[in-house]
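Spelled out from the first residue to the last, the chains are:
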Amino acid sequence: MKGHRQTDLCGRVPALPEERFLLNRIHKRARGLFTAAALSLLLCTTGCTSLKVLSYEGPGRDRWQQPEEVIRVLDIQPGDVVADIGSGGGYFSLHLAEAVGPEGTVYAADIDPAMNRYLERRARRAGHDNIKTILADPDDPNLPETGVDLIFMSNTYHYLDDPTAYFSDLQRTLGPSGRLAIIDFDGTKWRHRVTGHFSRRDEVLKELQTAGYELVEEFHFTDRQYFLVFSQSGS
Ligand SMILES: C[S@@+](CC[C@H](N)C(=O)[O-])C[C@H]1O[C@@H](n2cnc3c(N)ncnc32)[C@H](O)[C@@H]1O
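These remarks concern the structure in this document.

Criteria and cut-off values
Residues numbered from 1 in each chain as written. Predicted model: local features only at pLDDT ≥ 70, side-chain atom pairs only at ≥ 80, totals over all residues. Helix = DSSP H or I, 4+ residues; strand = E, 2+ residues; numbered from the N terminus. Buried ≥ 20, exposed ≤ 12 C-beta atoms within 10 Å, placed from the backbone. Contact = placed C-beta atoms within 7 Å. Near = placed C-beta within 6 Å. Core = buried A, V, L, I, M, F, W, Y, C linked by C-beta atoms within 7 Å. Expected span 1.5 Å × (residues − 1). Arc of directions from axis to C-beta. Pairing = 2+ DSSP bridges. Axes fitted to C-alpha atoms, helices over the stretch in contact; angles between N-to-C directions.

Take the overall build of the protein chain next. Check the secondary structure of the protein chain and you find 10 helices and seven strands. Out of the 235 residues belonging to the protein chain, those deemed buried represent 31%. Across the protein chain, contacts joining residues at least 24 apart in sequence account for 65% of those joining residues at least 6 apart.

Another point: the environment of Glu-207. Here Glu-207 shows up in helix α10 (residues 201-210). Once the C-alpha coordinates of Glu-207 and Pro-163 are considered, the two residues, 44 residues apart in sequence, prove to be 6.8 Å apart. Each residue touching Glu-207, except ones within four places of it in the same chain, is listed here: Pro-163 and Thr-164.

Let's shift gears to the site of the ligand. The ligand sits among 21 residues. The nearest are Gly-86, Gly-88, Tyr-91, Ser-154 and Tyr-159. Contributions of two or more residues to the shell around the ligand are made by α2 (48-57), α5 (91-100) and β2 (105-110).

Counting 46 residues, the largest nonpolar core has Val-82, Ala-83, Leu-96, Ile-151 and Phe-152 as the members making the most contacts within it. Considering every element that reaches this core, the biggest residue donor is α5, with seven residues. Leu-96 has contacts with Ile-71, Ile-76, Val-82, Asp-84, Val-106 and Phe-152, leaving out every residue within four places of it along the chain.

Positive phi outside glycine occurs at Asn-142, with the angle close to 60°. Mapping Asn-142 onto the fold places it in the loop between β3 (131-135) and β4 (150-154). Of note in the backbone geometry, Asn-155 takes a positive phi value of approximately 55° without being a glycine. Given 21 C-beta atoms within 10 Å, Asn-155 falls into the buried group.

Taking 1.5 Å of rise per residue, the 14 residues of helix α6 (residues 113-126) would be expected to cover 20 Å, and the 20 Å separating its terminal C-alpha atoms lies within 8% of that figure. Along α6, the residues classified as buried are Met-115, Asn-116, Tyr-118, Leu-119 and Ala-123. Buried residues along α6 cover an arc of 160° about the axis, so they all sit on one side. Residues of α6 that are exposed and angled more than 90 degrees away from the buried face: Pro-113, Arg-121, Arg-124 and Arg-125. Taken together, the buried residues of α6 touch α2, α5, β2 and β3. Positive backbone phi, approximately 75°, marks Gly-127, located one or two places after α6.

Attention now moves to the sheet that holds strand β1 (residues 81-85). An order of β3-β2-β1-β4-β5-β7-β6 is seen for the seven strands of this open sheet, with the pairing classed as mixed. Taken across any chain shown, the strands that pair with only one partner, and hence form the sheet edges, are β3 and β6 (213-219). Between one strand axis and the next, the sheet turns by 20° as a mean value, whatever way the strands run. Two strands pair when backbone bridges link them, and β2 and β3 are joined in this way by five bridges, in the parallel orientation. Along β3, the bridge assignment pairs Asp-110 with Leu-135. In this fold α5 packs onto β1, β2, β3 and β4, with an angle of close to 160° to the strand it touches most, β2.

Here we come to the pairing of β6. Sheet analysis places β6 next to strand β7 (residues 225-232), joined by six bridges and oriented antiparallel. If you follow Glu-214 over to β7, its bridge partner there is Ser-231.

Taken across its 10 residues, α5 has nine buried, putting it largely inside the fold. If you check which residues of α5 are buried, you get Tyr-91, Phe-92, Ser-93, Leu-94, His-95, Leu-96, Ala-97, Ala-99 and Val-100. Just beyond α5, the residue with positive phi is Gly-101, at close to 70°.

Dropping the structure here:
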């Protein structure tokens, strides 16, 4: 700070330039740590959910995710019923709600009740009353028996303990003409490999084939992710 002489812990002004340099760095680091701690405290008191959503969506996600293009290629029709499993803060739920329109429904299923509450507020603010949140269990999204036209899952597949059993059970909800769209991190970014937040496309293909699905489309425009669309085998 200009005009402010930095002192050591005993209140002495260091005489040597090396001492002053070192002290300056310590002060800078301490200020950085203090700011980070204050920011975390603020975010946690206003809700750690916001922090989580920030980590899911980040400031630049639209650039590499291209959500409009994702929705466009899925050819969702007005009035469709779509399930967004692992909906999180609703990054895709809002786009899906736009695509199905007021006659359609988006079931946003997540195991985290705080995330559902966050999405309910977000949907209300955006004027989407066609988004219905569902509290999922880890092995069952608890979708309504009436069925859905499309199951959509983004960046969540790698959380599933037994994806084959999970999607095998979901065949009853999907019906013969339903589709399943999976987008997940492919592990090309080191931070996804380090944290384990990714799944391998070929393993996903194998698991879903075993669960009774066949690959009908694949898109390559989503950076750092694979994007696969399935229908039920033989339908
Ligand atoms: C990385 S976030 C992705 C959120 C959102 N789909 C997106 O693309 O921004 C993963 C979300 O999946 C949820 N989740 C994890 N395991 C789940 C499961 N078995 N069933 C439903 N949701 C799950 C987490 O609570 C979290 O909100």
